[in-house]
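Commentary on secondary and tertiary structure
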Amino acid sequence: MTRIQTLVALALGLVLAGPVQAAPMVIKFSHVVAENTPKGQAALLFEKLAEERLPGKVDVQIFPNGQLYNDNDVLLALLKGDVQIAAPALSKFSKFTDALQLYDLPFLFDDLAAVDCFQQSPAGQEMLRSMMDKGLFGLAYWHNGMKQLSATRPLRVPADAAGLKFRIMSSDVLQAQFQTLKANPQKLAFTEVYQALQAGTVDGQENTWSNIYSKKFHEVQGSITESNHGLLDYMVVTSTRFWKGLPYDIRAGLSEALAEATRLGNRLSDEQNAQARQDIIDSGRSQVLELSEAERAQWRDAMRPVWDRFRGEIGGDKLDAAVACAR
């Protein structure tokens with residue numbers, strides 16, 4: 001066979017074989033909690049739905065438990081393109097916007113119904129886009145639930161927290177919250193909390209029932225107060241450059257998958273927190289304290305000055321809109 005005949009045969013073979021299928025787009029989704037939490041389950045559902053809606057076009061890869069990045073580093077990784085989606089706690093965005101500090105204010109929301117009311121309002125939706133000029137594009141809010149207080153000793157009234165060291169996320173609001181109680185806030189990554197509690201580096205922490213149970217914090221904390229004093233929510237976020245650069249069909253498919261995963265994850269939040277609370281009680285490893293209305297009022301009054309301190313940074317209009325939803 002001459003060289004020309006060989007080239008013709010090769011070309012014909014390529015034509016008969018048809019077009020080469022492009023490799024699917026890899027989308028790395030990094031988060032820090034266990035897969036059996038509401039966020040972990042919602043992330044897995046998003047992976048399943050996205051790949052079903054966009055067969056052969058996307059390969060969604062989930063990295064839980066801080067395997068790739070902790071919440072303090074993942075936003076920089078997003079901006080660099082090392083991951084494409086993350087779901088940090090809302091407290092982690094304080095370097096990019098002051099507005100989201102609203103969600104850390106103590107006793108702002110009585111329950112998740114009030115949270116939904118605000119997040120679906122124009123003010124809440126505006127917050128998702130509040131960091132576009134910094135390169136971050138909010139896609140959805142995911143619930144984890146209302147936060148409880150735990151410590152090495154019972155916390156029934158605010159004075160019980162005085163002098164204790166509490167782990168907090170990197171948040172000026174949460175720092176101020178514990179300082180008003182004359183406690184000592186310590187900023188630590190979520191992946192470091194169990195060891196810090198076990199070693200006595202910190203005396204207590206605040207978290208949802210599902211996080212406390214899945215990370216076994218109840219095994220190294222003598223008491224948990226059912227305070228429901230704060231909110232732990234996440235923002236599913238990507239980079240503005242990545243999202244705006246997607247072909248329309250892929251962006252639409254990912255949006256649909258995310259909307260369905262959000263509905264499931266937020267429903268699971270209530271169910272898993274209720275189950276985790278009962279599992280903690282059944283374990284007998286930690287005492288669960290229920291507050292009377294008078295005791296809860298003491299905590300609310302002790303923490304209320306934090307609202308006034310951050311009202312200007314957050315924006316009075318946003319705070320008023322959140323308060324209106326709580327009524």
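Presented here is an overview of the structure given in this document.

Parameters and conventions
Each chain has its residues counted from 1, following the order in which its sequence is written. Thresholds applied to this predicted model are a pLDDT of at least 70 for local features of residues and 80 or more for the giving and counting of side-chain atom pairs; totals over whole chains, interfaces and linings are not thresholded and use all residues. In computing side-chain values, all of the structure's heavy atoms are included and hydrogens and water are not. Going along the chain from the N terminus, every DSSP run of H or I of four or more residues is numbered as a helix, and every run of E of two or more is numbered as a strand. Think of it in three bands: with a 1.4 Å probe and only protein chains considered, a residue is buried below 20% of the maximum accessible area for its type, exposed above 50%, and partly exposed in between. We call two residues in contact whenever any of their non-hydrogen atoms come within 4.5 Å of each other. Working definition of accessibility: Shrake-Rupley area with a 1.4 Å probe, residue cover restricted to the visible protein chains. Side-chain rings of Phe, Tyr and Trp (the six-membered ring for Trp) are treated as a pair once their centres are within 6.5 Å; stacked means planes under 30 degrees apart, edge-to-face means over 60, and tilted covers the remaining angles. Charges are assigned to positions over rings by a cutoff of 6 Å between ring centre and Lys NZ or Arg CZ, combined with an angular limit of 35 degrees from the ring normal. As used here, the term nonpolar core means buried Ala, Val, Leu, Ile, Met, Phe, Trp, Tyr and Cys residues forming a set that is joined through side-chain atoms within 4.5 Å. Note on definitions: salt bridges are taken to be side-chain nitrogens of Lys or Arg within 4 Å of carboxyl oxygens of Asp or Glu. The criterion for a disulfide is a pair of cysteine sulfur atoms lying within 2.5 Å. Only strands that DSSP links by at least two bridges are regarded as paired with each other. Take the number of residues in a helix, subtract one, and multiply by 1.5 Å to get its expected span. Our arc is simply the arc of the directions from the helix axis toward the C-beta atoms. Working convention for charge: Lys and Arg count positive, Asp and Glu count negative, and His plus the chain ends are omitted. Side-chain atoms alone can form a polar contact between residues adjacent in sequence; in general such a contact is a pair of N or O atoms within 3.5 Å, and within protein one must be able to donate a hydrogen while the other accepts it.

1. Some thoughts on the overall build of the protein chain
- A count of helical and extended segments in the protein chain gives 13 helices and 9 strands.
- Here the protein chain holds 327 residues, and the buried ones make up 53% of them.
- Pairs at least 24 apart in sequence give 73% of the contacts found in the protein chain among residues at least 6 apart.
- Surface summary for the protein chain: the accessible area is close to 14600 Å², and the carbon and sulfur share equals 51%.

2. Re the packing of aromatic side chains
- The final tally for this structure, using the stated rule, is 9 aromatic pairs.
- Aromatic side chains Phe29 and Phe46 sit 6.1 Å apart centroid to centroid with 65° between the ring planes, which places their arrangement in the edge-to-face category. Pair noted here: Phe29 is in strand E1 (residues 25-30) and Phe46 is in helix H2 (residues 38-53), with a separation of 17 residues, a long-range link.
- In this structure Phe46 comes out as buried when scored by relative accessible area, which is 2%.
- Each member of the aromatic cluster is reached from another via a ring pair, and the members are Tyr103, Phe109, Phe118 and Tyr141.
- For Lys39, the ring lying beneath its charged end belongs to Tyr234, and the centroid distance is 3.5 Å.
- Against the face of Trp307 rests Arg304, its NZ or CZ located 3.8 Å from the ring centre.

3. Some details on the nonpolar core
- Formed by 62 residues in total, the largest nonpolar core has its most connected members in Phe46, Trp142, Phe166, Leu254 and Trp299.
- The dominant element in this core, judged by the number of residues it contributes, is helix H10 (residues 248-283), at 7 residues.
- Once residues lying within four places of it in the same chain are set aside, the contact partners of Phe46 are Phe29, Val60, Ile85, Leu254, Ala257, Leu258 and Ala261.
- Ala77, Ala123, Ala176 and Ile314 belong to the second largest nonpolar core, which has 40 residues in total.

4. Considerations on the pattern of salt bridges
- If you walk through the whole model with that rule in mind, you get 11 salt bridges.
- In this structure, Arg53 and Glu256 form a salt bridge, with 3.5 Å as the shortest nitrogen-oxygen distance. Of this pair, Arg53 sits in helix H2 while Glu256 sits in helix H10, and the two are 203 residues apart along the sequence.
- Residues joined in a network through salt bridges with shared partners are Arg53, Glu256 and Glu260.

5. With respect to the state of the cysteines
- Applying the stated criterion to the full structure yields 1 disulfide.
- Here Cys117 engages in a disulfide with Cys325; their sulfurs sit 2.2 Å apart. Looking along the S-S bond of the Cys117-Cys325 disulfide, the torsion reads about -70°, which is the left-handed sense. Taken as a pair, Cys117 in helix H4 (residues 112-119) and Cys325 in helix H13 (residues 316-326) lie far apart in primary sequence, 208 residues in all.
- Given the relative accessible area of 36%, Cys117 is considered partly exposed.

6. Side note on the pairing of strand E7 (residues 204-207)
- Neither face of E7 is exposed, since Gly204 and Glu206 on one face and Gln205 and Asn207 on the opposite face are all buried.
- Examined bridge by bridge, strand E4 (residues 136-151) and E7 share 4 bridges and lie antiparallel to one another. Bridge pairing links Ser150 to Gln205 in E7.

7. Some words on H2
- Between its first and last C-alpha atoms H2 spans 22 Å; for 16 residues at 1.5 Å apiece the expected length is 22 Å, and the two agree.
- The set of residues buried in H2 consists of Pro38, Lys39, Gly40, Ala42, Ala43, Leu45, Phe46, Leu49 and Ala50.

8. Observations concerning helix H11 (residues 293-303)
- Turning to H11, its buried residues number three or more, namely Glu295, Arg296, Trp299 and Met303. Down the axis of H11, the sector holding all buried residues measures 100°, keeping them to one side. Those residues of H11 that are exposed and angled more than 90 degrees off the buried face are Glu293, Ala294 and Asp301.
- Contacts made by the buried residues of H11 are with E4, helix H6 (172-180), strand E8 (223-239), strand E9 (287-290) and helix H12 (305-314).

9. Here we look at the environment of Val58
- Within the element layout of this structure, Val58 appears in strand E2 (residues 58-63).
- Residues Val58 and Leu254 lie 196 residues apart in sequence; the distance between their C-alpha atoms is 9.3 Å.
- Apart from residues no more than four positions distant in its own chain, Val58 is found in contact with Pro24, Met25, Ile27, Ala50, Glu51 and Ile250.

10. A short note on the side chain of Lys92
- Positionally, Lys92 belongs in the loop between strand E3 (85-86) and H4.
- Although buried, Lys92 forms no salt bridge, and the nearest oppositely charged side chain, Asp71, lies 5.5 Å from it.
- Engagement of the side chain of Lys92 in a polar contact is seen with the side chain of Asn72, the distance being 3.1 Å.

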